[in-house]
Amino acid sequence: MHDNLFESADSIRARRRPDQQAPCALCGGRSFTRLFHKQGYDFTRCADCALVRLDPLPTPELLAEVYERSYREGLYAMFAKADDVRVATAHARAAAIAPNVPAGPWLDVGCSTGAFLQAVVERGIDAEGFDLSAVAVEAARARGLRATQSAVDDFTPGRRFACITAFDLVEHLIDPNPFLARVRDWLAPGGRLALTVPDIRSAQARIMGRHWYYYAPPVHVNYFDRDTIVRLLARHGLATVSIGGAPKVMTIDYVLQSLAAFNPLLHRGVRVLGHVTPASLRRRPLRIPVGELLVLASA
Ligand SMILES: [Zn+2]
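**Student:** Explain the sheet that holds strand S3 (residues 52-55) to me, using residue names and the numbers behind them.
**Tutor:** Reading across the sheet, the 4 strands line up as S1-S2-S3-S9 and stay open at both edges, with antiparallel pairing between neighbours. Looking at strand neighbours, the two that pair on one side only are strand S1 (32-38) and strand S9 (222-223), the edges of this open sheet. In the sheet, S1 pairs with strand S2 (residues 41-46) via 6 bridges, with the strands oriented antiparallel. Bridge assignment links Lys38 to a residue of S2, and that residue is Tyr41.

See the structure below:
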């Protein structure tokens, strides 16, 4: 969508000299196999470790432009409005993580308007978060939550954390290593890092192939499965203690709206659901497996 307004993959490719190909973020390998093409980008797999990523890699400038425009055009406003959906997902995630975390404060990286922080605080846990979006942080603060406007690189924690959460974030990073090195340092001894990432070996990804909604260039850059995310965390001294499916709590209305915005082709196929399903059922929160993994790792 709006591809023509941003630098194209072809243009990034044309500027890149052959020796400028960045090494694999997981193993440092430089040999990649092309899997398929989508929206101007090749999806490639590292010949050495099987990590899947975009080719070319988007530039930081391109990603900054895309996010800026998304916020400005209110593409995320729909998600901001779907507060019931996010609150339900936040409670489900907090309930899944809390029993496996030592006592102590939590930090939510990319806390947005604070739905997850709220769920954690309601469990009697001391929690804070930060986010790049000033608007989102302001909304979190208005709810009485402890939130800071900051980029990952600029955030200086005043303490160490028993649990750090980063949902739907790692797949967006051009190089996830500096991020993982930083959050590793912010964890107390024995502290836990909880991540969600799309799983390219999930049933959803296998069934939908290249049309899978999480194959989303240029914003999703690296694509993981259970093996590659576990090994990436291990590189940073983070031992995986649990890994499993992370269902999102959604309503049928929400799914249909998301598809209309991000996958019009698929939306046309399933929108009949919106007509044949009673309104009460369309708005009922359902735990829907979307092909994401929840990974819990120990420092
Ligand atoms: Zn590799």
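**Student:** Let's hear about the packing of aromatic side chains: which residues, and what values?
**Tutor:** Throughout the structure, instances matching the rule amount to 14 aromatic pairs. With 5.3 Å between their ring centres and 80° between their planes, Phe43 and Tyr215 make a pair best called edge-to-face. Residue Phe43 is found in strand S2, and its partner Tyr215 is found in the loop between helix H8 (203-208) and S9; the two are separated by 172 residues along the sequence. For the pair shown, Phe43 and Tyr215 are each scored as buried. Positioned over the ring face of Phe167 is Arg93, at 4.4 Å from the centre of the ring.

**Student:** Which residues make up the coordination of the zinc ion, and what are the values?
**Tutor:** The protein atoms that coordinate the zinc ion are Cys24 (SG), Cys27 (SG), Cys46 (SG) and Cys49 (SG), at distances spanning 2.2 to 2.3 Å. Coordination at the zinc ion is tetrahedral, judged from the 4 donor atoms that bind it and the angles of 100 to 114° they form at the metal. For the zinc ion, the donor residues sit on a single chain with the sequence spacing C-x2-C-x18-C-x2-C. Classification of Cys24 as buried rests on a relative accessible area of 5%. Classification of Cys27 by relative accessible area gives partly exposed; the value is 37%.

**Student:** How would you explain the pattern of salt bridges if you had to name every residue and give the values?
**Tutor:** Any two side chains of opposite charge can pair, so long as their charged atoms come close to each other. Tallying each qualifying case throughout the model produces 12 salt bridges. Measuring nitrogen to oxygen at the nearest pair gives 2.8 Å for the salt bridge that ties Glu7 to Arg15. Arg146 is the partner of Glu128 in a salt bridge, and the nearest nitrogen-oxygen pair spans 3.5 Å. Separated by 18 residues along the polypeptide, Glu128 in strand S5 (residues 127-131) and Arg146 in strand S6 (residues 146-149) bring together distant segments of the chain. One connected set of salt bridges, linked through shared partners, spans Asp10, Arg13, Arg34 and Asp42.

**Student:** Just give me the short version of the side chain of Arg192, but keep the residues and values in it.
**Tutor:** Relative to the elements of secondary structure, Arg192 occurs in strand S8 (residues 187-198). One buried charged residue, Arg192, forms no salt bridge at all, with the nearest opposite charge on Asp108 at 16 Å. Here the side chain of Arg192 touches Gly190 through a polar contact of 3.1 Å, landing on its backbone oxygen. What Arg192 contacts, discounting residues up to four positions off in sequence, is Asn100, Val101, Pro102, Ala162, Cys163, Ile164, Leu187, Val241, Leu296, Ala297 and Ser298.

**Student:** Which residues make up helix H4 (residues 83-97), and what values do they have?
**Tutor:** Across its 15 residues, H4 extends 21 Å between first and last C-alpha, which sits within 8% of the 21 Å expected from 1.5 Å per residue. All of the buried residues in H4 are Val85, Thr89, Ala90, Ala92, Arg93, Ala94 and Ile97.

**Student:** Give a description of the environment of Ala239 that names residues and reports values.
**Tutor:** Note that Ala239 resides in strand S10 (residues 239-245). Judged by relative accessible area, which is 44%, Ala239 ranks as partly exposed. Taking the C-alpha atoms as reference points, Ala239 and Leu296, separated by 57 residues in sequence, lie 8.4 Å from one another. If we skip the residues at most four places from it in the chain, Ala239 touches Leu296, Ala297 and Ser298.

Conventions we followed
Residues numbered from 1 in each chain as written. Predicted model: local features only at pLDDT ≥ 70, side-chain atom pairs only at ≥ 80, totals over all residues. Heavy atoms only, no water. Pairing = 2+ DSSP bridges. Helix = DSSP H or I, 4+ residues; strand = E, 2+ residues; numbered from the N terminus. Phe/Tyr/Trp six-rings, centres within 6.5 Å; stacked < 30°, edge-to-face > 60°. Buried < 20%, exposed > 50% of the residue type's maximum accessible area, 1.4 Å probe, protein only. Lys NZ or Arg CZ within 6 Å of the ring centre and 35° of its normal. Donors = N, O, S within 2.8 Å, 3.2 Å for Na, K, Ca; no water. Tetrahedral: all angles 85-135°; square planar, octahedral: opposite > 155°, others 65-115°. Salt bridge = Lys/Arg side-chain N within 4 Å of Asp/Glu carboxyl O. Lys, Arg positive; Asp, Glu negative; His and termini not counted. Polar contact = N/O pair within 3.5 Å; in protein donor to acceptor, adjacent residues only side chain to side chain. Contact = heavy atoms within 4.5 Å. Expected span 1.5 Å × (residues − 1).

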